[in-house]
Amino acid sequence: MLLIDKYAYLNKLASVHPLEKMTFSLGLLLLSLIMRDERISLITFIVMSAFIIIGAKIPTKYYAKLLLLPGFFLLSSLVSILISIAPATSTLPTHIWSFSLNSWTIFVGSASLETAQQLFFIVLGSISCLYFLILTTSVQSICYVLRQWRLPTLFVELVELTYRFIFIFLESMQKIHLAQQARLGYSSPMQWLRSVSILIAALFAEMFQRSRELNNAMEARGGETVYWQEDITYNTKNWLGITTIFILLIIYGGFSNDRLIL
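Every value quoted in this text rests on a predicted model; they were computed, and no experiment measured them.

1. As for helix α6 (residues 139-148)
- All buried positions along α6 are accounted for by V139, S141, I142, C143, V145 and L146.
- Where the residues of α6 are buried, they touch α2 (18-35), α5 (110-136) and α7 (153-182).

2. Some words on the environment of S128
- Here S128 is to be found in helix α5.
- Note on S128: relative accessible area 0%, which makes it buried.
- Residues contacting S128, with those up to four places away along its chain left out, are T44, F45, M48, I52 and Y63.
- Polar contacts involving the side chain of S128 include one to the main-chain carbonyl oxygen of G125, which spans 2.6 Å.

3. A few points about the pairing of strand β3 (residues 104-109)
- In the sheet, strand β1 (residues 83-87) pairs with β3 via five bridges, with the strands oriented antiparallel. Paired with P87 across the bridge in β3 is W104.
- Alignment of strand β2 (residues 95-101) against β3, held across six bridges, turns out to be antiparallel. Bridge pairing in β3 places S98 opposite F107.
- Here β2 folds back onto β3 in antiparallel fashion, the turn holding two residues, of which N102 has a positive phi close to 55°.

4. Some details on the sheet that holds β2
- Read across the sheet, three strands follow the order β1-β3-β2 without closing on themselves; strand pairing throughout is antiparallel. Single-partner strands in this sheet number two, and they are β1 and β2. Strand-to-strand twist of the sheet, defined as the mean angle between neighbouring strand axes without regard to direction, takes the value 25°.
- In the packing of helix α4 (residues 60-82) onto the sheet, the strands contacted are β1 and β3, and the crossing angle to β1 comes to about 30°.
- Each of β1, β2 and β3 touches α5; the most contacted strand, β3, lies at about 50° to it.

5. Considering the environment of K175
- Mapped onto the elements, K175 comes out in helix α7.
- Under the relative-accessibility criterion, K175 is labelled exposed at 54%.
- For the pair formed by K175 and F99, sequence separation is 76 residues and the distance between their alpha carbons is 50 Å.

Cut-offs used in this document
- Residues numbered from 1 in each chain as written.
- Predicted model: local features only at pLDDT ≥ 70, side-chain atom pairs only at ≥ 80, totals over all residues.
- Heavy atoms only, no water.
- Buried < 20%, exposed > 50% of the residue type's maximum accessible area, 1.4 Å probe, protein only.
- Helix = DSSP H or I, 4+ residues; strand = E, 2+ residues; numbered from the N terminus.
- Contact = heavy atoms within 4.5 Å.
- Polar contact = N/O pair within 3.5 Å; in protein donor to acceptor, adjacent residues only side chain to side chain.
- Pairing = 2+ DSSP bridges.
- Axes fitted to C-alpha atoms, helices over the stretch in contact; angles between N-to-C directions.

All quantities given are derived from atomic positions and should not be read as evidence of function.
Right, here's the structure in full:
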């Protein structure tokens, strides 16, 4: 079991109804994407991180490690947005830094900086919303709520199958990798390249076989998964808190936009 899946079942917010957690996380996610306000996104990140660390009791170090992976892709994307290249003879737009190299000029434009800054906070807030959901809610509960929302059965089953195959994929990869290490499959660069290619081919074949077996098992049960959920009641205080946070953020966002217009 992955540690992230373990926390989804054993965190301090596991007893909260999944519909409340999904409404809270997805609502703030949509609010951050629609309003596209840096302050709203930053507040969303702080609020979600507080619920993850303080509310769900997820270790801070583990949460920080989870942020590193999307953070790497985010920073690499920001670099491509910030840095622009133009011929040395062309007129540069408003910029804060420039460097000439032969017949080219490398510069950071003011508009690019503003776009990168906005993207950074929006992505940061969005990531925290998704992490709150997957760290506090099991995939079984998520699929249960999706079925309650009358989403297509095929879509819900694809969500669960994709999630489950992550564990099957990692387990198979660890076994094959351990066997290759025992045979000194990574002792040299050429051996490393050969072992990796064999690992990828073996994983593809095994995943294809596992998917066929899983499909046959589902068809034998009638072709439709039944999602069971514990009898958890809704909490009025939670809904009031969610509604209050949404209203305050919308009011704050509208107030901030009015100040910018003035």
